[in-house]
Amino acid sequence: HVLLPARHAPPASADRTLLLGCFPPSESVQLLARIAPGHVSSPRDAAAARSLVETLGNLPLALGTAAAYMRRCDVPCAEYLERYAASEGRRSSSSSSSSSSS
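(A) Quick peek at the side chain of N58. In this structure, N58 sits in the loop between α2 (43-55) and α3 (60-73). Only 2.7 Å separates the side chain of N58 from the side chain of S28, close enough to count as a polar contact. Discounting chain neighbours no more than four positions away, the residues touching N58 are C22, F23, P24, P25, S28, V53 and L63.

(B) The arrangement of the nonpolar core in detail. Within the largest apolar cluster, 18 residues are counted, with the highest numbers of intra-cluster contacts made by L32, L52, L63, A66, M70, C77 and Y80. Secondary structure elements with two or more residues in this core: α1 (25-35), α2, α3 and α4 (77-100).

(C) Representation of unusual backbone geometry within the structure. The phi dihedral of N58 is positive, around 60 degrees, even though this residue is not glycine. Even without a glycine there, the phi angle at D74 is positive, about 50 degrees. Looking at the secondary structure, you find D74 in the loop between α3 and α4.

Reading the values: rules and limits
- Residues numbered from 1 in each chain as written.
- Predicted model: local features only at pLDDT ≥ 70, side-chain atom pairs only at ≥ 80, totals over all residues.
- Heavy atoms only, no water.
- Helix = DSSP H or I, 4+ residues; strand = E, 2+ residues; numbered from the N terminus.
- Polar contact = N/O pair within 3.5 Å; in protein donor to acceptor, adjacent residues only side chain to side chain.
- Contact = heavy atoms within 4.5 Å.
- Core = buried A, V, L, I, M, F, W, Y, C linked by side-chain atoms within 4.5 Å.
- Buried < 20%, exposed > 50% of the residue type's maximum accessible area, 1.4 Å probe, protein only.

Pasting the structure below:
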């Protein structure tokens, strides 16, 4: 079996394709809380979780990865979201600087 997480449907030629949708936002937050208990418990973290699930597109694989990181590194959701945003900012600024130097 091959699992390909994607936001768009595969080509029609894909054999035996099973399409799995994204979670609704409430289930996405529940998944974060279930995988990383205690890291989505404060009001600030609950608000960050709602923002994070939107940012990650309610994709179960992305949410599971984020929750595992929070649990493993003992990082509350609000701090994880800040780290994620900083990482995305660095990534976008490095891609724009590399494209302007071409």
